[in-house]
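Spelled out, the chains give:
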Amino acid sequence: MLLPASYIAAISFNFEIIPLQLLISIAESRSEVPFSPLLEAVLMEITLEMMREAGVRLPAPVGQTIGIVGGIIVGQAAVQAGIVSNIMVIVVASTAIASFILPSYDMGTAVRLLRFPMMIMASLFGVIGIVIGFMTLIAHLVALESLGTPYGSPLAPFRWADMKDTFIRLPLWRMITRPKSARPIQDTRLSTKPPGKDDS
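Reading the values: rules and limits
- Residues numbered from 1 in each chain as written.
- Predicted model: local features only at pLDDT ≥ 70, side-chain atom pairs only at ≥ 80, totals over all residues.
- Heavy atoms only, no water.
- Helix = DSSP H or I, 4+ residues; strand = E, 2+ residues; numbered from the N terminus.
- Rg over C-alpha atoms; globule rule 2.2 N^0.38 Å.
- Contact = heavy atoms within 4.5 Å.
- Areas by Shrake-Rupley, 256 points an atom, 1.4 Å probe, with all protein chains shown as cover.
- Salt bridge = Lys/Arg side-chain N within 4 Å of Asp/Glu carboxyl O.
- Buried < 20%, exposed > 50% of the residue type's maximum accessible area, 1.4 Å probe, protein only.
- Core = buried A, V, L, I, M, F, W, Y, C linked by side-chain atoms within 4.5 Å.
- Axes fitted to C-alpha atoms, helices over the stretch in contact; angles between N-to-C directions.
- Parallel < 35°, antiparallel > 145°, perpendicular 65-115°, else oblique.
- Left-handed = near helix turned anticlockwise from the far one by under 90°.
- Nonpolar A, V, L, I, M, F, W, Y, C, P; charged D, E, K, R; others polar.

**Remarks on the overall build of the protein chain**
Assigned secondary structure in the protein chain consists of seven helices and two strands. Listing the helices and strands of the protein chain from first to last along the sequence gives α-α-α-α-α-α-α-β-β. For 200 residues, the compact-globule formula gives about 16 Å, and the C-alpha radius of gyration of the protein chain, at 24 Å, lies well above that figure. Expressed along its principal axes, the backbone C-alpha trace of the protein chain runs to roughly 80 × 45 × 35 Å. Once local pairs closer than 6 in sequence are excluded, the contacts in the protein chain between residues at least 24 apart make up 54%. Per element, the accessible surface of the protein chain, about 13200 Å² overall, is 70% carbon and sulfur.

In structure tokens:
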């Protein structure tokens, strides 16, 4: 979600964070590109989304081939024509590969759409724009509710008692109470005993 925006911010505003040799290489590859980094990124992202949607609507073996071959051919042709830089092709390709890490298709679609406002914020304000955009996204997620339960629970609002099943799951015999965020009628779970202990 943040890789194209980070590239735009680094090229447009915060180029001092790039090592000098890499900056020279990026400047050489961008010397013949007539577009701004934002327009270059949006053009490549839209092309990538068109190929992805075309691949979804074709039969499975053909769709995968079209996506891979089309991406290689279009990327190489765009670089040779001077429309985009080599670095932008690498950034967009890395972003496309990283988007397949997400297991949920709906979440992947949301992240793909969020790239565009992040790129606009990066082109307007640099790294500060990325931070503002990310904070706005986090604030929106914290304000959401699902069936009356906060979307960010138990991290926002923070409840220490509910953290036992968040990052590392504790043994079942340690999970005595139900999460407060679910507003249970009965706070205590069914009795569970540590392994090796009998009822006597």
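**A short note on the pattern of salt bridges**
Per the stated rule, a full pass over the model turns up seven salt bridges. Between Glu-49 and Arg-115 there is a salt bridge, and its shortest N-O distance comes to 3.8 Å. With Glu-49 in helix H3 (residues 37–57) and Arg-115 in helix H6 (residues 105–125), this pair connects stretches of sequence that are 66 residues apart. Like Arg-115, Glu-49 is buried. Overlapping salt bridges bring together Glu-45, Glu-49, Arg-52, Glu-53, Arg-57, Arg-112 and Arg-115 as one network.

**With respect to the nonpolar core**
Taken as a class, soluble globular proteins show a tendency for nonpolar side chains to be buried jointly. The biggest cluster of nonpolar side chains holds 22 residues, and the ones touching the most others in it are Tyr-7, Ile-8, Ile-26, Met-88 and Ala-122. Of all elements in the fold, only helix H1 (3–12), H3, helix H5 (86–98) and H6 reach the threshold of two or more residues within this core. Residue contributions to this core peak at six residues, all from H1. Setting aside anything within four residues of it in sequence, one finds Ala-122 in contact with Ala-5, Ile-8, Ala-9, Phe-13 and Ile-130.

**A few points about the packing of H3 against H6**
Helix-helix packing is characterised by the crossing angle of the two axes and by the distance between the axes. The geometry of H3 relative to H6 is characterised by a closest axis approach of 10 Å and an angle of 165° between their N-to-C directions. Classified by the interaxial angle, the pair formed by H3 and H6 is roughly antiparallel. Of the two possible hands of crossing, H3 and H6 adopt the one that is left-handed. Residues Leu-38, Ala-41, Val-42, Glu-45, Ile-46, Glu-49, Arg-52 and Glu-53 of H3 touch H6, and the partners they reach there are Tyr-105, Arg-112, Arg-115, Phe-116, Met-119, Ile-120 and Ser-123. Considered class by class, the residues forming the contact of H3 with H6 number eight nonpolar, one polar and six charged.

**Thoughts on the packing of H6 against helix H7 (residues 127–143)**
At their nearest, the axes of H6 and H7 sit 6 Å apart, and the two run at 140° to each other. Note that H6 runs across H7; the crossing there is right-handed. On H7, the residues touching Leu-114, Met-118, Met-121, Ala-122 and Phe-125 of H6 are Val-127, Ile-128, Gly-129, Ile-130, Ile-132, Gly-133, Phe-134 and Leu-137. A class-by-class count of the residues in the contact of H6 with H7 yields 11 nonpolar, two polar and no charged.

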